[in-house]
Amino acid sequence: MHASSIPGSRPWPGGAADPSPQQLFDRACRSLLRHGPEVADSVVRKIRAEVPYYADPVLAPPDLRRTVGAGVQYGLEAALEPDRIVDVERYTRELGRRRAEQGRPLDEVLHAFRVAGSEVWNAIIQVVDRDGLGDARQLVHVAELVWKSNDRDAVLVADAYRQAAEGVASRHGERVRLILGALLERGSRPEFVRNASAILDLPLDGRFAVAVVGATPPYGRVPRALPEVRGLRILRHAGDGRDVLVAHLGDRPLDALVSVLEAGAGLRIGISPVVHGLESLARAHDLAALALRTCHADGEIARLDTRLPDGLLVSRPDLSAHLAQGVLRPLYDLDPADRETLLGTVGVWIENGGSAVRAAQHMFCHRNTVLNRLRRFEQITGLTLTRPRDLVHLTLALDAQRLLGPAAVLGTADGDGGHSDRSIT
């Protein structure tokens with residue numbers, strides 16, 4: 001609060017019988033400087049009385065008294081010595097920056113700033129009457145310029161606040177990204193997890209699920225907008241060509257997350273089972289990535305809890321390929337059309353609960369045709385389809401072929417079974 005832009009501003013020489021408005025204003029400022037702490041206390045009381053945010057002991061800035069005291073002093077000194085305007089500008093910018101870093105709402109900061117300016121102006125009027133400095137009515141001639149200066153300072157506060165807020169938001173976003181990324185990797189210490197809980201505002205003992213979104217080039221594009229669903233909080237971590245979504249489920253079921261996820265063109269999504277505790281995010285991340293590997297087509301959303309056998313197979317593609325070779329390799333010595341007929345018949349028979357009648361109806365052929373093909377399949381592979389263990393081996397081998405491709409059966413797959421997940425970036 002200052003009047004450095006008023007023409008003719010000068011120290012009061014003292015003793016003038018009829019001081020000019022400017023001289024009267026200078027006298028008042030000098031008098032208030034001698035009572036700086038009392039003025040600052042009065043301003044603080046006024047702010048707390050008129051700005052509810054600052055009246056709350058939790059929300060109010062802890063440095064309110066100190067910043068008010070400094071602001072009053074700089075403003076009064078600049079009113080007397082125009083060269084001190086640089087101190088006021090430095091103070092206002094620092095105030096805006098500090099309040100932004102403290103997370104105080106800008107509207108409340110500006111409200112408090114203007115209340116402070118009003119209270120100092122009231123103190124100037126009161127000290128003129130109290131100390132008999134002159135006719136307080138003469139101050140009306142300087143009031144407009146004083147308030148213009150105050151408004152200019154408020155603009156400086158707001159500008160500094162917005163600039164700092166952009167930097168704070170950027171730093172906070174990067175901090176959240178790094179912390180979330182660390183939680184998704186194994187090896188986080190308990191102390192780090194506790195600190196992460198406070199920073200991310202996530203409960204240590206909450207229910208969580210992780211979704212990994214993979215895009216298939218060149219058309220797949222991971223959407224930037226986070227899905228929204230009532231009762232769920234979702235955080236995103238982007239890295240390594242994939243988006244990882246961490247969902248705090250609260251008391252909602254996993255279906256609540258699944259229902260808002262969309263795998264558009266060129267996208268595949270793997271979802272972990274529900275895990276308990278923030279320290280389990282790394283495990284959930286691994287399980288979601290495993291679920292993603294069970295996808296064999298774009299547009300697919302894979303919940304690992306509904307396809308655990310597939311998860312087992314892709315988690316060890318080398319063993320899965322070995323199993324598929326041991327069961328299905330003899331079929332690849334047949335003519336391709338003959339092989340596909342036998343594999344197709346066995347697949348339909350399994351899907352229809354081992355019923356030759358229902359399989360025949362599905363394939364529009366006679367029941368005996370199905371039985372003949374099944375017997376021939378047994379002869380070629382050495383399996384007995386009525387033996388439970390052989391049937392388990394067969395279904396796992398068929399799933400391994402579906403997930404890893406024919407190369408796994410032929411023994412020509414690469415180290416990861418030739419899985420198409422390598423095309424997801």
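Reading the values: rules and limits
- Position labels on residues start from 1 in each chain and follow its written sequence.
- For a predicted model such as this one, the threshold for reporting local features is a pLDDT of at least 70, and the threshold for listing and counting side-chain atom pairs is 80 or more; totals across whole chains, interfaces and linings nevertheless cover every residue.
- By convention in this description, side-chain values take in all heavy atoms of the structure and omit both hydrogens and water.
- Each salt bridge in this description consists of a side-chain nitrogen of Lys or Arg and a carboxyl oxygen of Asp or Glu lying within 4 Å of one another.
- Working definition: with a 1.4 Å probe on protein chains only, accessible area under 20% of the residue-type maximum means buried, over 50% means exposed, and in between means partly exposed.
- Each helix is a run of DSSP H or I of at least 4 residues and each strand a run of E of at least 2, with the numbering of both proceeding from the N terminus.
- Scored from 0 to 100, pLDDT reflects the predictor's confidence in each residue.
- By definition in these notes, contact holds between two residues if any of their heavy atoms fall within 4.5 Å.
- Should DSSP find at least two bridges between two strands, the strands are regarded as paired.
- In plain words, nonpolar cores are sets of buried Ala, Val, Leu, Ile, Met, Phe, Trp, Tyr and Cys residues tied together by side-chain atoms within 4.5 Å.

Asks: Residue-level account of the pattern of salt bridges, with values.
Replies: Counted according to the given criterion, the structure contains 28 salt bridges. A salt bridge links Asp63 to Arg66, with the nearest nitrogen and oxygen atoms 3.6 Å apart. With relative accessibility at 54%, the residue Arg66 sits in the exposed group. Among the salt bridges present, the one from Arg99 reaches Asp63, with a minimum N-O distance of 3.0 Å. With Arg99 in helix H5 (residues 85-102) and Asp63 in the loop between helix H3 (52-55) and helix H4 (64-80), this pair connects stretches of sequence that are 36 residues apart. Each member of the pair, Arg99 together with Asp63, is buried. In the salt-bridge network here, residues are joined through shared partners; they are Asp63, Arg66, Glu94, Arg97, Arg98, Arg99 and Glu101.

Asks: Tell me about the confidence of the model for the protein chain, residues and numbers included.
Replies: Chain-level pLDDT for the protein chain is 86 on average; 89% of the residues reach the 70-or-more range. Predicted confidence is poor over residues 1-16, with pLDDT under 50, and the contacts of this stretch with residues over four places away or in other chains come to 54 contacts. Per-residue pLDDT stays below 50 along residues 415-425; that stretch engages in 31 contacts with residues further than four places along the chain or on separate chains.

Asks: Help me get a handle on the pairing of strand S3 (residues 242-248), residues and values and all.
Replies: Among the 7 residues of S3, 6 are classified as buried, and the element is accordingly described as predominantly covered. By the bridge criterion, 7 bridges tie strand S1 (residues 207-215) to S3 in an arrangement that is antiparallel. Directly across from Ala209, in S3, lies its bridge partner Ala247.

Asks: Tell me about the pairing of strand S4 (residues 267-271), and please be specific about residues and values.
Replies: Within S4, 5 of the 5 residues are buried, which leaves it mostly tucked inside the rest of the structure. Neither face of S4 is open: one carries Leu267, Ile269 and Ile271, the other Arg268 and Gly270, and all of them are buried. Relative to S4, S1 is paired through 5 bridges, and the arrangement is antiparallel. Bridge assignment links Gly214 to a residue of S4, and that residue is Arg268.

Asks: Can you lay out the side chain of Ser272 for me, pointing to particular residues and giving the numbers?
Replies: Counting through the fold element by element, Ser272 comes out in the loop between S4 and strand S5 (275-276). Beyond its immediate chain neighbours, meaning those up to four positions away, Ser272 contacts Ala209, Val210, Leu254, Ala284, Leu287 and Ala288.

Asks: Residue-level account of the nonpolar core, with values.
Replies: Ranked by internal contacts, the top residues of the largest apolar core, which has 56 residues, are Val210, Leu281, Leu328, Phe377 and Leu394. At 7 residues, the largest contribution of residues to this core is made by helix H10 (residues 281-293). Each residue touching Val210, except ones within four places of it in the same chain, is listed here: Leu184, Val244, Leu245, Val246, Gly270, Ile271, Ser272, Leu281, Ala284, His285 and Ala288. Residues Leu64, Tyr91, Val157 and Ala164 belong to the second largest nonpolar core, which totals 46 residues.

Asks: Explain unusual backbone geometry residue by residue, including any values.
Replies: Of note, Asp201 is a non-glycine position whose phi angle comes to about 60°, a positive value. Looking at where Asp201 falls in the secondary structure, it is placed in the loop between helix H8 (190-200) and S1. Phi angles above zero are rare outside glycine, and Phe364 is one such case at about 55°.

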